[in-house]
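# Report on the structure
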Amino acid sequence: MSTTPESPMKVLVYSDDANTRAQIRLAVGRRPAADLPKVEFVEVATQPAVVERLDVGDIDVAIVDGETQPAGGLGVCRQAKDEVYDCPPFLALIARRDDGWLATWSRADAVASLPIDPMALANALAGLMRQRLENRLPAL
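Conventions we followed
- Residues numbered from 1 in each chain as written.
- Predicted model: local features only at pLDDT ≥ 70, side-chain atom pairs only at ≥ 80, totals over all residues.
- Heavy atoms only, no water.
- Helix = DSSP H or I, 4+ residues; strand = E, 2+ residues; numbered from the N terminus.
- Rg over C-alpha atoms; globule rule 2.2 N^0.38 Å.
- Buried < 20%, exposed > 50% of the residue type's maximum accessible area, 1.4 Å probe, protein only.
- Axes fitted to C-alpha atoms, helices over the stretch in contact; angles between N-to-C directions.
- Parallel < 35°, antiparallel > 145°, perpendicular 65-115°, else oblique.
- Left-handed = near helix turned anticlockwise from the far one by under 90°.
- Contact = heavy atoms within 4.5 Å.
- Nonpolar A, V, L, I, M, F, W, Y, C, P; charged D, E, K, R; others polar.
- Salt bridge = Lys/Arg side-chain N within 4 Å of Asp/Glu carboxyl O.

On a plain count of helices and strands, the chain comes out with 5 helices and 5 strands. Along its sequence from the N terminus, the chain presents helices and strands in the succession β-α-β-α-β-α-β-α-β-α. By the compact-globule yardstick of 14 Å for 140 residues, the chain fits well, its C-alpha radius of gyration being 14 Å. The principal-axis extent of the C-alpha atoms belonging to the chain is close to 35 × 30 × 25 Å. For the chain, with 140 residues in total, the buried portion stands at 44%.

In structure tokens form, the structure reads like this:
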């Protein structure tokens with residue numbers, strides 16, 4: 001499945017907090033940068049839903065909330081990096097600067113802080129979207 005500038009890129013948003021998911025959508029908007037395709041958000045609130053969605057194979061980038069309960073976004077990221085073929089890049093949201101080491105452990109490709117800074121989040125996502133466009137492997 002190839003993504004062209006005309007077709008939207010699917011961004012998985014994992015958080016148990018509907019307000020956090022809404023803040024992410026508002027911060028990113030329809031497209032995080034002019035040179036990128038539009039974003040189609042896929043929102044999930046549970047770890048099994050993340051696994052199910054990643055198994056479909058159509059997610060381009062994932063944003064995970066490190067504060068999600070009971071399965072935190074950083075643990076979900078680590079699991080995906082271990083188990084998913086051609087795993088999409090992950091953007092981890094952390095609430096405390098001291099959680100940076102956990103984001104490194106999770107193998108997140110980028111980190112942004114909570115509360116959400118719209119410019120920082122959009123810039124981080126744009127970088128990961130560009131990376132995915134350049135590096136996506138062909139479907140098996």
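Within the fold, Arg-21 resides in helix α1 (residues 18-28). Overall, Arg-21 belongs to the buried group, its relative accessible area being 13%.

Moving on, we come to the packing of helix α2 (residues 47-56) against helix α3 (residues 73-83). Between α2 and α3, whose axes approach to 11 Å, the crossing angle comes to 30 degrees. With respect to α3, the axis of α2 lies roughly parallel. In the crossing of α2 with α3, the sense of the turn from one axis to the other is right-handed. Contacts from Gln-47, Val-50, Val-51 and Leu-54 in α2 reach Val-76, Gln-79 and Ala-80 in α3. Per-class residue counts for the contact of α2 with α3 are 5 nonpolar, 2 polar and no charged.

Turning to the pattern of salt bridges, a few remarks are in order. Summed over all chains, the structure comprises 12 salt bridges. Arg-78 is the partner of Asp-82 in a salt bridge, and the nearest nitrogen-oxygen pair spans 3.9 Å. Taken together, the positions of Asp-82 and Arg-78, both in helix α3 and 4 residues apart, correspond to about one turn of that helix. A salt bridge links Asp-86 to Arg-132; the shortest N-O distance between them is 3.3 Å. With a gap of 46 residues between them, Asp-86 in the loop between α3 and β4 (90-94) and Arg-132 in helix α5 (residues 118-135) connect regions that are remote in the sequence. For the pair Asp-86 and Arg-132, a shared accessibility class is recorded, and that class is buried. In this structure, a network of salt bridges that share partners links the residues Lys-10, Glu-40, Arg-53 and Asp-58.

Inspection of the secondary structure assignment puts Pro-118 in helix α5. Residue Pro-118 is classed as partly exposed on the basis of its relative accessible area of 43%. Sequence spacing of Pro-118 and Arg-25 is 93 residues, and the spatial spacing of their C-alpha atoms is 9.7 Å.

Relative to the helices and strands, Leu-54 resides in helix α2. Separated by 34 residues in the primary sequence, Leu-54 and Pro-88 place their C-alpha atoms 8.5 Å from one another. With sequence-adjacent residues up to four places away left out, Leu-54 is seen in contact with Ile-59, Ala-80, Val-84, Pro-88 and Phe-90.

Remember, this is a structural readout, not a statement about activity or role.
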